[in-house]
Amino acid sequence: MARGWTGVLLVPLIALLYFGAAQLPHRLVFQAYFFWPAAAVAYTVCFVWGPRALWGLALGSLALNLSGWLPWPLALAMSLFQCLGPWLAWWALKRGGCPQPDPGRTRDLLLWLGSTALCSALFSSGLGSLLIAATHPGEAFAPGLTSGFSWFLGDVTAIVCLGPFLLQFLPRGDRHSSPAPAPAFPLAVKALLSAFCLVLLLAGRVHQGLSGDFRLALQFALVLPALWMALRYGPRASSAGLTLLSLALLTQLWLLGPGLPDEVFRFSQGLILVLGLATHLTSAAAEETRQAQWALHARDLQTIRMEAVGTLAGGLVHEFNNQLTVVLGNLDRLKDSLSGDPSADALLQRIESTALAMGQRVQQLKFLSHHAPLGAQPLKLGEALIPFLAAAKALPARVSFSWSPREDPTVGVDPDLLCQALQHLLSNSLEAIPGQGRIVLQTWQEGNWAKLRLEDSGKGMSPEVLLRACDPFFTTRPVAPGRGLGLSIAFSLIRQMGGNLVLTSQVGRGTQAVISIPQCQSIPVPAPPSLRSRPTRNILLADDESGIRELTREFLESEGFAVVEAADGLAAQEAFLSDPQAWDLVILDLVMPRLGGAEVLARIEALRPDLPALMISGYSADTRSDLLNGPHRAFLSKPFRLQQLKESLSALGLQSPPPTDRHDQ
């Protein structure tokens, strides 16, 4: 909203806001410095709008000082001091990475209060009061240190009471709602709470029939509703309530007149200052607790959603891979039949490219289904990151990439899948940086976990976007092929490696992705197979997809094998048990009705432990790593090409029957 205002409009609005705030305690004369709202306006507008607010602040301050009893040189000097303080505080917070502090965060709140108090003590209430005291000896501002301290307390009290309210409610362009909104503040509760606070406030000050101790107790009782509001309704409601309470107290003092003793003002100032600090710190701590609880709840919901998506994707992957195996296998056979026909070759090439592209999409769904094939091995984290670091060197020149390793723990991961997950995160970070920026990768060891943090200086994400960032197919960018799967695939891959991914982001402050991977445990490395080649005749083929059975049978028969088909696991078991010694190879689909391939293989091993077995599936065999124990076991992932099937048979030490045997058949 503020970004849409022209500079000509913003300057007079800030000037009027500052000048009007300075007039609120005017009747209190110099006791007005008990509470100086203009200080809150001066420091807050700089944090909300940055250096653009200085021109309006300078104009308002100059008008205020010239309208009083100061000559123009002193008025100009005072305006300079009143602008230097807010600008220096804004600069200090910007250098500290907090240019627009959030009153709902304890760290931001303390940094903001500390910087404003220090700058006020140095400039507006420090040098300003000393300057006036030196140029007007014997008047109301002498001695300078005493007046300066009173001025400083008035500035700090107003900043504490009004500043968070202005930070919360003044419009600014990057405003976004809290991801865990505080409960609503009903009108009836507002009315009752206001009435209660006013009773405590007025009874403690006005009703002279009450004893002094009782009136003092009523004043301190204001702490109870203020803290309850901070705990229950969050920073926005508590800052608004504290602002109204402080203005009511200021109005009460204004109505009672300037003749009240100084101790009355000092007590009121101390009460409202302590009350303000307690309220804001309590509300910030409560808000951070609420956000942490919300984040844990959101993470649980994300896990549930991803599990549901994984179950759905798993079923789709199984069906798609079966169909793609049939398509690609028949395509291979068709290419052999039509070889030499240029027009047919071009058409077949298009079909093959489309089928392979579909296979890539199915592979992405496989990652979401938690069935990606894993080739975990023990290695140093730095070694596992070599492919990713090589790819990061190809980033555009506008983005600088750096790697900061603190430790190099040993992990047991599939380096290809780890690099795929990191590349998806890197791609998201790159797209989030519209111009010049940086991406930093840090690695270290924390307990039994290896940690990786990928941090970028991009635009960041709002809480609403962050909540859905890992949802499949969710994207804030224009629709394009493959969009919306990057973070969800990275999340799934990391979960499959036994780790977890935590994303944190803020609009304008970039995004951090922290990956935790368990340190390596002993992973057995199987010895290379040493099998003698032997002719193979009889193959038992079990798959519930008729197209795959027909394709595989025809190919194997063309190679000279005798193939017996089974439509499910129970039929395969019955065929094997009919003559256990007759078989030279079994090809089993892992997922079949009535009886799965793993169960059939267990029965086969009880009778023929040395019988070669080729397991095929659209999922992964890694969910049952014991299936591949020994050199006479192999796994072939769907969709597969016929050449891959032939290579798998060779890897098992099997060969086609000699030509003479084929002729005899």
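Residues numbered from 1 in each chain as written. Predicted model: local features only at pLDDT ≥ 70, side-chain atom pairs only at ≥ 80, totals over all residues. Heavy atoms only, no water.

A. Representation of the environment of Ala450. In this structure, Ala450 sits in strand S5 (residues 449-456). Residue class for Ala450 comes out buried when judged on its relative accessible area of 0%. Sequence separation between Ala450 and Ser516 is 66 residues, and the spatial gap between their C-alpha atoms is 5.7 Å. (Helix = DSSP H or I, 4+ residues; strand = E, 2+ residues; numbered from the N terminus. Buried < 20%, exposed > 50% of the residue type's maximum accessible area, 1.4 Å probe, protein only.)

B. Representation of the pairing of strand S4 (residues 437-446) within the structure. With seven bridges connecting them, strand S2 (residues 399-405) and S4 associate as parallel partners. Across the sheet, residue Phe401 finds its bridge partner in S4, namely Ile439. For S4 and S5, the ladder comprises eight bridges, and the chain directions are antiparallel. Paired with Thr443 across the two strands is Leu452, which belongs to S5. (Pairing = 2+ DSSP bridges.)

C. View of the sheet that holds strand S7 (residues 511-518). One open sheet accounts for five strands, arranged S2-S4-S5-S7-S6; its pairing is mixed. Only two strands of the sheet have a single partner each, and these edge strands are S2 and strand S6 (500-505). Strand-to-strand twist in this sheet, taken as the mean axis angle between neighbours without regard to direction, amounts to 15°. Against the sheet, helix H14 (residues 415-431) contacts S2, S4, S5, S6 and S7, and its axis sits at roughly 25° relative to S5. (Axes fitted to C-alpha atoms, helices over the stretch in contact; angles between N-to-C directions. Contact = heavy atoms within 4.5 Å.)

D. Focus on the confidence of the model for the protein. Model confidence for the protein is summarised by a mean pLDDT of 75, while 71% of its residues fall at 70 or above. Low confidence marks residues 1-6, where pLDDT is under 50. Its contacts with residues over four positions away, or in another chain, come to 13 contacts. Segment residues 173-178 is flagged for pLDDT under 50; beyond a separation of four residues in sequence, or across chains, it makes 14 contacts in the model. (pLDDT = per-residue confidence, 0-100.)

E. Empty space enclosed by the protein, seen in detail. Summed over all chains, the structure comprises two cavities of 30 Å³ or more. Of the volumes computed, that of the largest cavity is approximately 80 Å³. Lining the largest cavity, in full, are Tyr18, Trp36, Ala38, Ala39, Ala42, Tyr43, Gln82, Pro86, Ser124, Trp151 and Asp155. Considering each element in turn, the lining of the largest cavity owes the most residues, four residues, to helix H2 (residues 37-49). Of the residues assigned to the lining of the largest cavity, the class counts are eight nonpolar, two polar and one charged. (1 Å grid on protein atoms, 1.4 Å probe; cavity = no way out; pocket = protein on both sides within 12 Å on 5 of 7 lines; lining within 4 Å. Points joined across faces, edges and corners; volume = space filled by probe spheres on them. Nonpolar A, V, L, I, M, F, W, Y, C, P; charged D, E, K, R; others polar.)

F. Just the environment of Gly20, in detail. The residue Gly20 is located in helix H1 (residues 7-23) in this model. Judged by relative accessible area, which is 34%, Gly20 ranks as partly exposed. Residues Gly20 and Leu64, 44 residues apart in the sequence, show an inter-C-alpha distance of 9.3 Å.

G. Geometry of the sheet that holds strand S11 (residues 585-589). If you trace the five strands from one edge of the open sheet to the other, you get S10-S9-S11-S12-S13, paired in parallel fashion. At either end of the open sheet lies a strand with only one pairing partner, and these are strand S10 (562-566) and strand S13 (633-637). The sheet shows a mean angle of 20° between the axes of neighbouring strands, direction not considered. Bridge count between strand S12 (residues 613-617) and S13: five bridges; the pairing is parallel. By the bridge assignment for S13, Ile616 is matched with Leu636. Sitting on the sheet, helix H18 (residues 569-578) is in contact with strand S9 (538-542), S10 and S11, with an inclination near 160° to S9.

H. Focus on unusual backbone geometry. Between Lys638 and Pro639 the backbone carries a cis peptide bond, its omega angle lying at -5°. Within the secondary structure, Pro639 sits in the loop between S13 and helix H20 (642-651).

I. Structural view of the state of the cysteines. Per the stated rule, a full pass over the model turns up zero disulfides. Between Cys46, a free cysteine, and Cys83, which holds the nearest cysteine sulfur, the sulfur-to-sulfur gap is 7.6 Å. Assessed through its relative accessible area of 12%, Cys83 is described here as buried. (Disulfide = S-S within 2.5 Å.)

J. Seen up close, the pattern of salt bridges. On inspection of all chains with the given rule, the structure shows 14 salt bridges. In this structure, the salt-bridge partner of Lys638 is Asp543, at a minimum N-O distance of 3.0 Å. With Lys638 in the loop between S13 and H20 and Asp543 in the loop between S9 and helix H17 (546-558), the pair connects residues that are 95 residues apart, well separated along the chain. Given the relative accessible area of 1%, Lys638 is considered buried. In this structure, Arg549 and Glu565 form a salt bridge, with 3.2 Å as the shortest nitrogen-oxygen distance. On the criterion of sequence distance, the pair formed by Arg549 in helix H17 and Glu565 in strand S10 is long-range, its members being 16 residues apart. Through salt bridges that share partners, Arg549, Arg553, Glu557 and Glu565 make up one connected network. (Salt bridge = Lys/Arg side-chain N within 4 Å of Asp/Glu carboxyl O.)

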